[in-house]
Amino acid sequence: MLNLLTATVVALTSFQQVSSADTTGAVTDGDVAGNPLVFSGRAGRLAVAIPRIENPDISVDGRLDDPVWESAAVLTDFTQYEPVEGIPATEETQVRVFYSGDAIYFAIRAWDSEPDLILARLGERDRAVFTDDWIRIMLDTFDDQRQAYVFYVNPLGIQVDGLWIEGMRSRFGGRSAVSIDFNPDFIWESDGRVIADGWTAEMKIPYVSLRFREVSVQDWGLSVSRGVRRKEFKQSWAPLTRDVSSTLAQAGKLVGLRDIKPRKLVEINPVATGIRRGQETDGQFVRDGFAQDFGVNGRYGITQNLVLDATVNPDFSQVEADANRITVNERFALFFAEKRPFFLEGTEIFRSPRNLVHTRRIADPIGGAKLTGKIGSFNVGYLGAVDEGPKSLFGGDYQAVFNILRVRRDVGAGSTVGFLYTDRTLAGGGNDFNRVLAGDARFLFNGRYTLTTQFAGSWTSTTSGPASLQPLVMAQLARSGRNFGWQVKFDDVSPGFRTESGFIPRVGDTQTFGNIRYTHFGAPGSVLERVSSTLQVDAFFDHDEFWGGGTPFEAEVQLMPTFSFKGNRNITVILRDGFFRFLPESYASYEVQGAAGNPAPFAIPNDLTHLKAIGVMPRARINNAIQINGSFFYREVPIFIEAARGLELMVRPDITVRPTSSLQLQLSHTFSRLWRQRDDTEFSTVHISRLRTQYQFAKGLLARGIVQYNLEDRSALRDPTTELPIVIDGSLVGRREKGDFQGQFLLQYEPSPGTIFFVGYTRLESGERTYRLSRMEPTEDGLFVKLSYLFRM
């Protein structure tokens, strides 16, 4: 008892004088021995029996001055995992944790040797940690090493949350790829503050926001990490290494959690919207009257792990428009992410190796329902929706009924097998439907190897013909490693494969892909922290030609060395050699206008060999207020629409300025110029300029303005062999020159997910290729208002 009391006092000392620069009370390696309240990551004490404290008297204000923290368990002795694995963390961190009957609590004490350089800014929820220092808590509540809840806070307590999904890769704020789906939003409390020698934060995560097993005693996986943004150092309590492919398999554990029984989940979220639209019609710009609408969303916890979501007349407005992209030399449909709240709930369950569920296909829903959860070792999900007035390959003005069913089963340690069925049927459209049936699997073995496969078939029936099975096959094998890793992939999509519920941009192609990566780490503290080089080979075949023993129509070899320097600065160089063959079927509607105006056959040009390219992509942190990113490419490319060899110069600078903790300005510009290589004549020039300004008045209150120009000039199409004009589908394709402008303003108040008020205005204009608005005419505008409140009962 005396030893326990002494250890408690020692641990408390490190948290008491939080406003002081003195850190002598910090728990050290010497304090760990015999102390049941302190759990050292470096010493391997990763099984944490945290105290249960009923009805804790605590205010989540980031001060750490509540007496209840004296009885909490302490996580200490963090280890760096980026840029150098396995060394003691450069900045000391301690995390305290306990649980009660309705929530789990965390307290963060983050020391910093340069407190004046801590990055702590007010920002929008779910974006702050992309540019600030952070602490990340991950809770694997099923302890199955497949999925975990993710909770980030920056030093001011700004929240970012999501789900860690093993095997998924997404961009982390435009930075490195991580296995996190940032779309889900959870309701929890947090606050933080910067102090004289670092920063502190507190977090309260209620059980009603989580899903976990319904047993009397359970263990949860726990991972705690910290990021020091100005140095790009990352450290964790449970040591992490790339030599193990699964991050969650390396987590610690909260053991012996008893009698966790949250209240029943019941949420009602009424939504009121209003909009006044304007549109150009027959040369006149006409504004409609102000239209109001009302809808309601609801959630009900059937069990702790099975949740029913429903919506009637939902509001699916987007707060921020999709950024423009260059389409002048684009062959395939562009992907735009889902941003609508109802569809974002439970998206992780519907994920599969190929994107066979993409809910932006449900364009104008009348209503929908969704059932998601985990039953034993099975993750299950069902989504049903009715879409009004769909525009698709079926044609006609009908309502489309969507039914999507997903089942995924846990197998062994970290592996899964799954089943997916999607059905899109036109109500009143006769026998018109699109259905996809798929199976997939992900197997982990020997710690660092991952095998991912998917097999699918689609049936599409229209008035023009009956349904027939069209297959899709995908297989990928990857090896993870700190210094050495590789990946090989095979992907085959039949020409007739269709998914009206998903997004597969390339059909009729077979892809083979492989890469090898080697990384060398510098000594701790060196200027050059890391050098990584990737060799990548990619080839595309026509589906029928591949199975007939044919050669690829598109291939490339790329070498990509990356140099990472001290102070969060890096540069990537891309060297490429490629090949491209124009496929005759892509130009079946092409003709050449002869000298007398009579059409002549279009001759397919020879293959394009040795398509060289060089690219440079720098990322430079100038100081805590200025970040400069960008890319530069000088490359030979196919001009697809003209079937010619081209030479492209593309420059994309991006500057972010944070002059204060509340103001952010982001200026980006994309310049692309494409020449015909045969005679050095200009084919196209594109400028896309975008300025995004945001001011954060408080944690939930912001104002944002966006101005974007898209200026394009493309010459008339010419036959690369005869230089005569090209005719497509009987029409001569002449020069195209245009300018588009988009302006947007938004005032938003969002104190918590589901409760929101915003008013915004958007204006679109088109006209001449110029930055002068006087040379453009308005084509569309809209004044919109939204008010919603989340009732949690």
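Residues numbered from 1 in each chain as written. Predicted model: local features only at pLDDT ≥ 70, side-chain atom pairs only at ≥ 80, totals over all residues. Heavy atoms only, no water.

Draft legend 1. Broad picture of the overall build of the protein. Helix and strand counts for the protein stand at 5 helices and 47 strands. The buried share among the 793 residues of the protein stands at 52%. Expressed as a percentage of contacts within the protein between residues at least 6 apart in sequence, the contacts between residues at least 24 apart total 61%. In the form shown here, the protein has an accessible surface area of approximately 33800 Å², with 57% of it arising from carbon and sulfur atoms. (Helix = DSSP H or I, 4+ residues; strand = E, 2+ residues; numbered from the N terminus. Buried < 20%, exposed > 50% of the residue type's maximum accessible area, 1.4 Å probe, protein only. Contact = heavy atoms within 4.5 Å. Areas by Shrake-Rupley, 256 points an atom, 1.4 Å probe, with all protein chains shown as cover.)

Draft legend 2. Geometry of the pattern of salt bridges. Scanning the model with the defined rule gives 52 salt bridges in all. Two residues, aspartate 126 and arginine 125, come together in a salt bridge whose shortest N-O distance is 3.6 Å. Residue aspartate 309 is joined to arginine 299 by a salt bridge in which the shortest nitrogen-to-oxygen separation is 2.7 Å. Residue aspartate 309 is found in strand E21 (residues 306–312), and its partner arginine 299 is found in strand E20 (residues 291–301); the two are separated by 10 residues along the sequence. Across this residue pair, the class does not change: aspartate 309 and arginine 299 are buried. Each member of the salt-bridge network shares a partner with another, and the members are Glu642, Arg676, Arg678, Asp679, Arg718 and Glu723. (Salt bridge = Lys/Arg side-chain N within 4 Å of Asp/Glu carboxyl O.)

Draft legend 3. Layout of the pairing of strand E46 (residues 776–788). As paired strands, strand E18 (residues 266–281) and E46 are joined by 9 bridges and run antiparallel to one another. When the sheet's bridge partners are listed, glycine 278 is paired in E46 with aspartate 781. The sheet contact formed by strand E45 (residues 755–767) and E46 spans 12 bridges and is antiparallel. When the sheet's bridge partners are listed, tyrosine 761 is paired in E46 with leucine 783. (Pairing = 2+ DSSP bridges.)

Draft legend 4. Fine view of the sheet that holds strand E42 (residues 726–728). In space, the 4 strands of this open sheet follow the order E35-E34-E42-E43, with antiparallel pairing throughout. Each edge of the open sheet carries a strand with a single partner, namely strand E35 (599–601) and strand E43 (731–732).

Draft legend 5. Geometry of the sheet that holds strand E6 (residues 103–111). Ordered by their spatial adjacency, 6 strands build an open sheet running E1-E3-E5-E6-E14-E13, and the pairing between neighbours is mixed. Single-partner strands in this sheet number two, and they are strand E1 (38–40) and strand E13 (189–195). The sheet shows a mean angle of 15° between the axes of neighbouring strands, taken without regard to direction. Strand direction decides the pairing type here: strand E3 (residues 73–76) and strand E5 (residues 93–99), joined by 3 bridges, are antiparallel. From the neighbouring strand, leucine 75 faces E5, where its bridge partner is valine 95. (Axes fitted to C-alpha atoms, helices over the stretch in contact; angles between N-to-C directions.)

Draft legend 6. Summary view of the nonpolar core. In this structure, Ile104, Phe106, Leu139 and Trp220 are the most contacted members of the largest nonpolar core, which totals 41 residues. In this structure phenylalanine 106 touches Trp69, Val95, Arg96, Val97, Ile137, Leu139, Ala201, Glu202, Met203, Ile205 and Leu222, once residues within four positions along its chain are discounted. Counting residues in hydrophobic clusters, the runner-up holds 22 residues, among them Phe540, Phe553, Tyr587 and Phe602. (Core = buried A, V, L, I, M, F, W, Y, C linked by side-chain atoms within 4.5 Å.)

Draft legend 7. Structural view of the packing of aromatic side chains. Across all of its chains, the model carries 29 aromatic pairs by this definition. Between phenylalanine 582 and tyrosine 587 the ring centres are 6.0 Å apart and the planes differ by 80°, which places this aromatic pair in the edge-to-face class. Assessed through its relative accessible area of 4%, phenylalanine 582 is described here as buried. Taken together, a centroid distance of 5.0 Å and an interplanar angle of 80° make the contact between tyrosine 587 and tyrosine 590 edge-to-face. Classification of tyrosine 587 as buried rests on a relative accessible area of 8%. We classify tyrosine 590 as buried; its relative accessible area is 10%. The rings of Phe553, Phe580, Phe582, Tyr587, Tyr590, Phe602 and Phe640 are connected pair by pair, giving a single aromatic cluster. Taking NZ or CZ as reference, arginine 45 lies 4.6 Å from the ring centre of phenylalanine 39, over its face. (Phe/Tyr/Trp six-rings, centres within 6.5 Å; stacked < 30°, edge-to-face > 60°. Lys NZ or Arg CZ within 6 Å of the ring centre and 35° of its normal.)

Draft legend 8. Quick peek at a nonpolar patch on the surface. On the surface, Phe484, Ile516, Tyr518, Leu535, Val537, Val557, Leu559, Leu575, Ile614, Phe632 and Tyr634 cluster together to form a nonpolar patch covering roughly 930 Å² of accessible area. Looking at the nonpolar patch, the elements that each hand over two or more residues are strand E30 (509–521), strand E31 (528–542), strand E32 (554–565) and strand E37 (626–639). Taking the relative accessible area as the measure of exposure, isoleucine 516 reaches 44% and is therefore partly exposed. (Patch = residues over 30% accessible without salt bridge, like charges linked within 9 Å, V, L, I, M, F, W, Y side chains within 5 Å.)

Draft legend 9. Up close: the environment of alanine 427. Tracing the sequence through the fold places alanine 427 in strand E25 (residues 415–427). Classification of alanine 427 as partly exposed rests on a relative accessible area of 37%. Along the sequence, alanine 427 and tyrosine 398 sit 29 residues apart, while their C-alpha atoms lie 6.2 Å from each other. Not counting residues up to four positions away in its chain, the partners in contact with alanine 427 are Tyr398, Gln399 and Val401.

Draft legend 10. Quick peek at the side chain of arginine 408. Tracing the sequence through the fold places arginine 408 in strand E24 (residues 399–411). Here the side chain of arginine 408 touches isoleucine 349 through a polar contact of 3.5 Å, landing on its backbone oxygen. When near neighbours in sequence (up to four residues on either side) are disregarded, arginine 408 contacts Gln147, Glu348, Ile349, Arg351, Ser377, Phe378, Asn379, Thr416, Val417 and Gly418. (Polar contact = N/O pair within 3.5 Å; in protein donor to acceptor, adjacent residues only side chain to side chain.)

Draft legend 11. Inspection of the side chain of glutamine 708 at higher detail. Within the secondary structure, glutamine 708 is located in strand E41 (residues 701–714). Among the polar contacts made by the side chain of glutamine 708, one reaches the side chain of arginine 690 at a distance of 2.7 Å.

Draft legend 12. How the structure looks around the confidence of the model for the protein. For the protein, the mean per-residue pLDDT works out to 87, and 89% of the residues sit at or above 70. Considering only residues more than four positions removed or in separate chains, one finds that residues 1–34, a stretch of pLDDT under 50, has 54 contacts. Within the model, the stretch residues 318–335 combines pLDDT values under 50 with 62 contacts to residues more than four positions away or in other chains. (pLDDT = per-residue confidence, 0-100.)

Draft legend 13. Representation of unusual backbone geometry. Put simply, glutamate 82 and proline 83 share a cis peptide bond, and its omega is 0°. Relative to the helices and strands, proline 83 resides in the loop between strand E4 (79–82) and E5.

Draft legend 14. Structural view of the environment of valine 488. For valine 488, the location among the structural elements is in strand E29 (residues 484–493). Of the residues examined, valine 488 reaches a relative accessible area of 41% and is grouped as partly exposed. Sequence spacing of valine 488 and alanine 475 is 13 residues, and the spatial spacing of their C-alpha atoms is 8.4 Å. Apart from the residues within four sequence positions on either side, valine 488 is in contact with Ala475, Gln476, Leu477, Phe513 and Gly514.

Draft legend 15. Fine view of the pairing of strand E9 (residues 159–165). Of all 7 residues making up E9, 7 are buried, and the element is well covered by its neighbours. Judged from the 7 bridges that link them, strand E8 (residues 147–153) and E9 form a sheet pairing that is antiparallel. Counterpart to glutamine 147 in the pairing with E9 is isoleucine 165. Count of turn residues in the E8/E9 antiparallel hairpin: 5 residues, of which glycine 157 carries a positive phi of about 85°. Judged from the 2 bridges that link them, E9 and strand E12 (residues 180–181) form a sheet pairing that is antiparallel. Following the sheet pairing, tryptophan 164 is matched in E12 by isoleucine 180.

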